[in-house]
Amino acid sequence: MPLLLSFAALAVYVRSPSAYKALKDFDILQLPSETMLKEFTCARLYAPGAAAWDSHIMEQAKEYMHLQQGNAQVIESEATTAPRPAPKQEGCLIFDEVRVIGKIMWNSKSQQMFGLAMSPADLGKLQDIFMSMDPVNKNQKASYVLQFLWRDLTSAKDVIGPYYTFEGTLGYKNIITCLYDTMRVFHKHHFIVNSIVCDGASSNLAVIKQLTGSRRSSFGVLHGEPDRHKICAHFRNWFCPDVDVFFIICPSHQVYIVCTTLSYYLKIWKIILL
């Protein structure tokens, strides 16, 4: 098959799978199958939760093993006094909370609905969608999504982790539960977590205080200690006790908070001066 035709088929399929299917049914052109295009675009759906992502992370672990073997061969071939360190499969776990504002979460590549942001009563015109769905598999209203990503600190490898859907806002107990399940499935395939990156939201700060053994008061208030402003921002890894997991607040998020706070108080000062 000509390369230009393959790229044209891929462009049509990504834009509209239904249009590609109709074009293929005409039998005018010899087009690749939808399975081949899905494999090429990696259009695979995974359900929420760590258990559904186990196979994906296992595949990523196999790819990482090939990366380590290839890097080791490069290091052996290099005649340098200070060779590059081999990937050690240690990295940081990044998570963030995203609010769902769309009505229907639709995958255009597979032509399937994989999430709902509103209840059936809010979608009266789309009641046929709910009637065609399996009544045993009840879809809950998804208002917030908690997404995880593992980033290697010794190479350029990133592994997309599980995501979790919630009907309401996330409390620190929900985040700790998701964090535990995510770290468990990553460590099962030897992806070691030695740091966690998150924003400075109040729920995330509550998670940091709970896991590091700090009090629920503000950081930097340690009475009876030589250093009153000493902060313990790490805890023992649940699945690798020899590794300390350090919390890192996203710097860009902190800068945004500081700028927003200063802008707010600057407006107040202008009103007072006037």
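Quick look at the structure, then. Given the structure is predicted, the values throughout are model-derived calculations rather than measurements.

1. Describing the environment of Ala61
Stage number 1. The residue Ala61 is located in helix α4 (residues 54-77) in this model.
Stage number 2. Along the chain, Ala61 and Phe186 lie 125 residues apart, while their C-alpha atoms are 9.2 Å from each other.
Stage number 3. Leaving out residues up to four positions away in the same chain, Ala61 has contacts with His189 and Phe191.

2. Describing the side chain of Asp152
Stage number 1. Turning to its location among the elements, Asp152 is positioned in strand β4 (residues 144-152).
Stage number 2. For the buried Asp152, no salt bridge is present, and the opposite-charge side chain at shortest range is Lys157, 9.1 Å distant.
Stage number 3. For Asp152, the side chain forms a polar contact with the side chain of Thr154, separated by 3.1 Å.
Stage number 4. Dropping the residues within four chain positions of it, Asp152 is found in contact with Tyr64, Pro87, Gln89, Glu90, Gly91, Lys157 and Asp158.

3. What about the packing of aromatic side chains?
Stage number 1. On inspection of all chains with the given rule, the structure shows eleven aromatic pairs.
Stage number 2. Relative to Phe191, the ring of Phe186 has its centre 6.0 Å away and its plane inclined at 90°; by these criteria the two rings are edge-to-face.
Stage number 3. Here the aromatic cluster, defined as three or more aromatic residues joined through ring pairs, consists of Tyr180, Phe235, Trp238, Phe239 and Phe247.

4. Here's the deal with the environment of Ser202
Stage number 1. You can see Ser202 is positioned in helix α7 (residues 202-212).
Stage number 2. Judged by its relative accessible area of 62%, Ser202 falls in the exposed class.
Stage number 3. As for Ser202 and Gly171, which are separated by 31 residues in sequence, their C-alpha atoms are 9.2 Å apart.

5. Remarks on the pairing of β4
Stage number 1. Summarising the sheet, strand β1 (residues 90-99) and β4 pair through nine bridges and their orientation is antiparallel. Bridge pairing in β4 places Cys92 opposite Arg151.
Stage number 2. Relative to strand β5 (residues 158-166), β4 runs antiparallel, the two sharing seven bridges. Bridging across to β5, Trp150 finds its partner in Val159.
Stage number 3. Here β4 folds back onto β5, and the loop between the two strands holds five residues.

6. Quick notes on α7
Stage number 1. Among the residues of α7, Ser203, Asn204, Val207, Ile208, Lys209, Leu211 and Thr212 are the ones counted as buried.
Stage number 2. Considering only its buried residues, α7 is in contact with β1, α6 (172-188), β6 (192-198), β7 (234-236) and β8 (244-249).
Stage number 3. Looking one or two residues beyond α7, the residue adopting positive phi is Gly213, at roughly 75°.

Rules behind the numbers
Residues numbered from 1 in each chain as written. Predicted model: local features only at pLDDT ≥ 70, side-chain atom pairs only at ≥ 80, totals over all residues. Heavy atoms only, no water. Helix = DSSP H or I, 4+ residues; strand = E, 2+ residues; numbered from the N terminus. Contact = heavy atoms within 4.5 Å. Buried < 20%, exposed > 50% of the residue type's maximum accessible area, 1.4 Å probe, protein only. Lys, Arg positive; Asp, Glu negative; His and termini not counted. Salt bridge = Lys/Arg side-chain N within 4 Å of Asp/Glu carboxyl O. Polar contact = N/O pair within 3.5 Å; in protein donor to acceptor, adjacent residues only side chain to side chain. Phe/Tyr/Trp six-rings, centres within 6.5 Å; stacked < 30°, edge-to-face > 60°. Pairing = 2+ DSSP bridges.

Honestly, it's all geometry; don't read function into it.
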